[in-house]
Amino acid sequence: MLRSAAMVMCATAVQAGAAPCPMSFGPLQTTAQIGAPIAVAVGLLDGDAFGDVVVANFATNQITVRLGLGDGTFASAVSYNVGASPFWVTIADLNADGARDLAVANQSGNSVSVLLNNGNGTFAPHVVYAAGQTTNQVVAALVNADAHLDLVTPNVLDRTVSILLGNGNGTFQPQTTFPTPLGPSAVVLGLFDGDASRDIAVACNAANLNVVRLGNGNGTFQPEQVYATASGPISATAGDINGDGALDVAMSNNFSSSVSVYLGIGDGTFAPGFGVSTGSRPRSATLIDLNNDGGLDLATANENSNSVSVVVGNGDGTFLPKVDFPGGTGPYALAVGDLNADGRPDLVSVNAAGNTIAVRLNTSRLAGDANADNQVNGADLSVLLGLFGTAVPPGSGADFNSDGAVNGGDLSVLLGQFGVSCGV
């Protein structure tokens, strides 16, 4: 199903005084996906440059791999058995062989399934590792100092977080745990205090808390710090939102139509959270630069409003008002990745109620900017003249009017924008 393309124009650029950066997305493309798709991840699985998609199908106890074809569509689905009620999927190279593997959180299976990549986008049968009760998510990160990826899971009913230290060959040690307040639903790891040990923030859904523990570098963590959230924090993401070099944390709040943002001080503590409005019941949130201006933006999948919200960051820790795009029926999770190898992150959501995968290709670019440096100048004119008279994929390179050729129409666009810049 296709919907009309949508355009968002940033009203404030990352750097004070800069011209606005355009943000746009193509029409909604949907693909049928049976089995109550509830989680999605995007990554390069088969060795080409096109993003591939992995979906967790809650109702069938399977994951589905769909290799990308480079245009936002996918090859035929290939499904793999995992544990009971898969609720999250993570893509990472778990055995250091250069091919990205899969880790799946099995919610009612109280476990993690690991599927190693054969090197071509197919996967070996899953191996199951015990986790806590109601395993909601699994994240791959370097928790100790041995350079092997480890697995971390929040366990809702146990009120614990499990750490499964990696052996470096795709196998993992038995879990160790630490306690949390009520309802740990999501985790994010990062260097919050400036040392080399990964720290953790836990979204505790039932307690309405962001719980931070600083890492000791050996797979254990220091006592918790707690920060209030809005109602029902359900997902967690991290990045440097205000450009000060310190990691910040954002958590989407399932019952308050918002994301709570915590600006990092750089010493492992955070300023009190503030809210950013989203659509209704934002089940999933991610921080990423969507408009190539150097600042992080927010995107959320909103289950009740059947939408994806895009919230443009100003680069100073503040955000513009949200813009909502139709996202299908019941978007439950959101992932971001480059599906068509154009250097721009695209949006992929899954709709558990509608049994679909929904894609919006990122078409953001400054008109006349042929070399994607957010400025229109002589360098872009050189690119255009070098391609003049040739056929190109519509909208790529110097084809500013998307007619599939570089010609006088594109030259007119470039000259009309000459001297314009955004985000620089």
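On a predicted model such as this, the values are computed, not experimentally measured, just so you know.

J.: Any chance you could explain the overall build of the protein here in plain terms?
T.: Along its length, the protein carries two helices and 30 strands. Taking 2.2 N^0.38 as the reference for a compact globule, 424 residues should give roughly 22 Å; the C-alpha atoms of the protein span a radius of gyration of 21 Å, in line with that estimate. Summarising its shape, the C-alpha atoms of the protein cover approximately 65 × 45 × 40 Å along the three principal directions. Put simply, the protein has 424 residues, and 55% of those count as buried. Taking as baseline every contact in the protein between residues at least 6 positions apart, the subset at least 24 positions apart corresponds to 44%. Only carbon and sulfur atoms are counted for the fraction: they give 55% of the accessible area of the protein, which is about 15300 Å². In the protein, the 12 positive side-chain charges and the 33 negative ones have mean positions that sit 11 Å from each other.

J.: Help me out: how do you make sense of the pattern of salt bridges in this one?
T.: Pairs can form between side chains of opposite charge once their charged atoms are near each other. Counted according to the given criterion, the structure contains four salt bridges. With a closest N to O distance of 3.8 Å, Glu224 and Arg213 form a salt bridge. Taken together, the positions of Glu224 in the loop between β18 (209-213) and β19 (225-228) and Arg213 in strand β18 put the pair eleven residues apart, joining distant regions of the chain. What makes Glu224 partly exposed here is its relative accessible area of 35%. Of the charged contacts in the structure, one is a salt bridge between Lys322 and Asp324, with a shortest N-O distance of 2.4 Å. What makes Asp324 partly exposed here is its relative accessible area of 35%.

J.: Just checking my understanding: could you explain the sheet that holds strand β4 (residues 37-43) for this structure?
T.: Each strand in a sheet pairs with its neighbour through backbone hydrogen bonds, running either in the same direction (parallel) or in the opposite one (antiparallel). Read from one edge of the open sheet, four strands run β4-β5-β6-β7, paired in antiparallel fashion. Whereas interior strands pair on both sides, the edge strands pair on one side only; in this sheet they are β4 and β7 (78-81). When the angles between neighbouring strand axes are averaged without regard to direction, this sheet yields 20 degrees. Pairing analysis gives four bridges linking strand β6 (residues 62-66) to β7, with the strands arranged antiparallel. Bridge pairing in β7 links Val65 to Val78.

J.: Just to check I follow, could you spell out the side chain of Asp199 for this structure?
T.: Checked against the element boundaries, Asp199 lands in strand β17 (residues 199-204). For the buried Asp199, which has no salt bridge, the nearest side chain bearing the opposite charge is Arg198, at an N-O separation of 8.1 Å. Not counting chain neighbours up to four residues away, the residues in contact with Asp199 comprise Val188, Leu189, Gly190, Leu191, Phe192, Asp193, Arg213, Leu214, Gly215 and Phe221.

J.: What should I look at first to understand the nonpolar core in this one?
T.: Generally speaking, soluble globular proteins have nonpolar side chains that are buried together. Core analysis: the biggest nonpolar cluster contains 19 residues, and Leu45, Val54, Ile63, Val65, Leu102, Leu115 and Phe123 have the highest contact counts within it. Elements with a contribution of two residues or more to this core: β4, β5 (52-57), β6, β8 (86-92) and β9 (101-106). Phe123 has contacts with Leu45, Val65, Tyr80, Arg100, Asp101, Leu102, Leu115, Leu116, Asn117 and Asn118, leaving out every residue within four places of it along the chain. Within the second largest apolar cluster, 16 residues are counted, among which are Val161, Val202, Cys204 and Val211.

J.: What should I look at first to understand the packing of aromatic side chains in this one?
T.: Describing an aromatic ring pair means giving the distance of the ring centres and the angle of the ring planes. Under the definition given, this model contains nine aromatic pairs. Ring plane angle 85 degrees and centroid distance 5.8 Å describe the contact between Tyr80 and Phe123, whose orientation is recorded as edge-to-face. Of the two residues, Tyr80 is situated in strand β7 and Phe123 in the loop between β10 (111-115) and β11 (127-130); the sequence distance between them amounts to 43 residues. An identical accessibility class is assigned to Tyr80 and Phe123; each is buried. Taken together, the aromatic side chains of Phe192, Tyr227, Tyr262 and Phe270 make up a single cluster linked through ring pairs.

J.: What exactly am I supposed to notice about the environment of Leu157 here?
T.: For Leu157, the position within the fold is in the loop between β13 (150-155) and β14 (160-164). On the basis of relative accessibility, which here comes to 57%, the residue Leu157 falls in the exposed class. Apart from the residues within four sequence positions on either side, Leu157 is in contact with Gln133 and Thr134.

J.: Explain the pairing of β4 to me, please; I cannot follow it from the model alone.
T.: Within a regular strand, side chains alternate between the sheet's two faces. Burial analysis of β4 places seven of its seven residues in the buried class, the great majority of the element. Summarising the sheet, β4 and β5 pair through six bridges and their orientation is antiparallel. Among the inter-strand pairings, Val42 is bridged to a residue of β5, identified as Val53.

J.: How do you make sense of the packing of helix α1 (residues 378-387) against helix α2 (residues 408-417) when you look at a structure like this?
T.: Two measures define how a pair of helices packs: the angle their axes make with one another and the distance between the axes. Interhelical geometry of α1 versus α2 gives an angle of 180 degrees and a closest axis separation of 11 Å. Judged by the angle between their axes, α1 and α2 are roughly antiparallel. Here Asp380, Leu381 and Leu384 of α1 lie close against α2, whose contacting residues are Asp410, Leu411 and Leu414. When grouped by side-chain class, the residues that make up the contact of α1 with α2 number four nonpolar, no polar and two charged.

J.: Explain the environment of Asn291 to me, please; I cannot follow it from the model alone.
T.: Mapped onto the elements, Asn291 comes out in the loop between β24 (282-288) and β25 (297-302). Among the residues examined, Asn291 registers a relative accessible area of 3% and is labelled buried. C-alpha of Asn291 to C-alpha of Thr318: the two residues are 27 residues apart in sequence and 16 Å apart in space.

J.: Explain the sheet that holds strand β29 (residues 346-351) here, please?
T.: One open sheet holds the four strands; their spatial order is β3-β30-β29-β28, and the pairing between them is antiparallel. Every other strand in the sheet has two partners, leaving β3 (29-32) and β28 (331-337) as the edge strands with one partner each. Sheet twist, expressed as the mean angle between neighbouring strand axes with direction ignored, is 20 degrees. Both β29 and strand β30 (residues 356-360) contribute to a ladder of five bridges, which runs antiparallel. Paired with Val348 across the strands is Val359, a residue of β30.

The rules behind the values
Residues numbered from 1 in each chain as written. Predicted model: local features only at pLDDT ≥ 70, side-chain atom pairs only at ≥ 80, totals over all residues. Heavy atoms only, no water. Helix = DSSP H or I, 4+ residues; strand = E, 2+ residues; numbered from the N terminus. Rg over C-alpha atoms; globule rule 2.2 N^0.38 Å. Buried < 20%, exposed > 50% of the residue type's maximum accessible area, 1.4 Å probe, protein only. Contact = heavy atoms within 4.5 Å. Areas by Shrake-Rupley, 256 points an atom, 1.4 Å probe, with all protein chains shown as cover. Lys, Arg positive; Asp, Glu negative; His and termini not counted. Charge placed at Lys NZ, Arg CZ, Asp CG, Glu CD. Salt bridge = Lys/Arg side-chain N within 4 Å of Asp/Glu carboxyl O. Pairing = 2+ DSSP bridges. Axes fitted to C-alpha atoms, helices over the stretch in contact; angles between N-to-C directions. Core = buried A, V, L, I, M, F, W, Y, C linked by side-chain atoms within 4.5 Å. Phe/Tyr/Trp six-rings, centres within 6.5 Å; stacked < 30°, edge-to-face > 60°. Parallel < 35°, antiparallel > 145°, perpendicular 65-115°, else oblique. Nonpolar A, V, L, I, M, F, W, Y, C, P; charged D, E, K, R; others polar.

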